[in-house]
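# Working through the structure, step by step
So you can see what is in the structure, the chains are spelled out below.
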Amino acid sequence: MKVDINYLILKGLIMKKFFDYYGYPLLTLLISGFIYAFVTIAVPAEQEFVVLTFFKACICFAFGLSIYQLKKSKEWVKKLIIALVFVYLMLYDMGYNIIPQITYTLKNFYISGFILNLIYVFLGWTFFH
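So, a few notes on the structure that sits alongside this text.

The rules behind each value
Per chain, the residues get numbers from 1 upward, laid out in the order the sequence is written. Given that this is a predicted model, residues contribute local features only at a pLDDT of at least 70 and side-chain atom pairs are listed and counted only at 80 or more, while totals for whole chains, interfaces and linings are drawn from all residues. Calculated side-chain values reflect all of the structure's heavy atoms, with hydrogen atoms and water omitted. Strands here are runs of E lasting at least two residues and helices are runs of H or I lasting at least four, both read from the DSSP assignment and numbered beginning at the N terminus. Exposure classes here rest on a 1.4 Å probe applied to the protein chains alone. A residue is buried below 20% of its type maximum, exposed above 50%, and partly exposed in between. Contacts: residue pairs with any heavy atoms within 4.5 Å of one another. Residue burial considers only the protein chains on display, and all accessible areas are found by Shrake-Rupley using a 1.4 Å probe. Centre distance within 6.5 Å is the pairing criterion for rings of Phe, Tyr and Trp, where only the six-membered ring of Trp is used; planes under 30 degrees apart are then read as stacked, over 60 as edge-to-face, and the remainder as tilted. The term nonpolar core refers to a set of buried residues drawn from Ala, Val, Leu, Ile, Met, Phe, Trp, Tyr and Cys, joined through side-chain atoms within 4.5 Å. Whenever a helix is involved, its axis is fitted only over the stretch in contact; in every case the axis is a line through C-alpha atoms, and angles between N-to-C directions fall within 0 to 180 degrees. Should the near helix be turned anticlockwise from the far one by less than a right angle, the crossing is left-handed, and should it be turned clockwise, the crossing is right-handed.

On to the overall build of the protein chain. When you go through the protein chain residue by residue, the secondary structure sums to five helices and zero strands. Each helix and strand of the protein chain, ordered N terminal to C terminal, gives the series α-α-α-α-α. A burial count over the protein chain gives 28% of its 129 residues as buried. The contacts in the protein chain between residues at least 6 apart in sequence include a share of 71% that link residues at least 24 apart. Carbon and sulfur atoms make up 75% of the accessible area of the protein chain, which totals about 9,400 Å².

To continue, consider the packing of aromatic side chains. Tallying each qualifying case throughout the model produces seven aromatic pairs. Note on Tyr68 and Trp125: the rings are 5.9 Å apart at their centroids and 80° apart in plane angle, and the pair reads as edge-to-face. Here Tyr68 is found in the loop between helix 2 (48-67) and helix 3 (76-94), whereas its partner Trp125 is found in helix 5 (residues 114-127), with 57 residues between them in sequence. For Trp125, a relative accessible area of 29% translates into the label partly exposed. Aromatic side chains Phe122 and Trp125 sit 6.1 Å apart centroid to centroid with 35° between the ring planes, which places their arrangement in the tilted category. Highlighted residues: Phe122 and Trp125, both in helix 5, separated by three residues, approximately one helical turn. A relative accessible area of 49% places Phe122 in the partly exposed class. Counting every residue linked through ring pairs, the aromatic cluster contains Phe61, Phe86, Tyr120, Phe127 and Phe128.

Take the nonpolar core next. Phe86, Leu89 and Tyr120 are the most contacted members of the largest nonpolar core, which totals 17 residues. Of all the elements in the fold, those that place two or more residues in this core are helix 2, helix 3 and helix 5. Those residues in contact with Phe86 that sit more than four places away from it in its chain are Ala57, Cys58, Phe61, Tyr120 and Leu123.

So, about the packing of helix 2 against helix 3. Where helix 2 meets helix 3, the closest approach of the two axes is 10 Å, and the angle between their N-to-C directions is 145°. In this structure, helix 2 crosses over helix 3, and the sense of that crossing is right-handed. Contact with helix 2, carried on its side by Phe49, Val50, Thr53, Phe54, Lys56, Ala57, Cys58 and Phe61, involves Ile82, Phe86, Met90, Asp93 and Met94 of helix 3 and no other residues of that element.

This is the structure we're talking about:
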């Protein structure tokens, strides 16, 4: 049986592209799920809310990073702004009131819970965009 080398190369490229677009984000979710489950078990009850909120935000951000597969941006100002927004939203999610005007605006627009998780994913995706 004769094997076509071009077919194998094409199949390898297709599998690499498939893993880059679908496998890497799914692997990120799988590993993050295991880490989150372990942290849930290992964290004492009095620190559970803050630690799990931190890990939830980081997992959403990491998933956002993993779904962007194009050329990575090297703009440091944009990355700094995204990081500051991420930290502020994470602290807001934990219940800290750092800038009352922004907290008031976020509460008026009902930005909490699931919407905040989507914003974390968006910030992760935008980080390298």
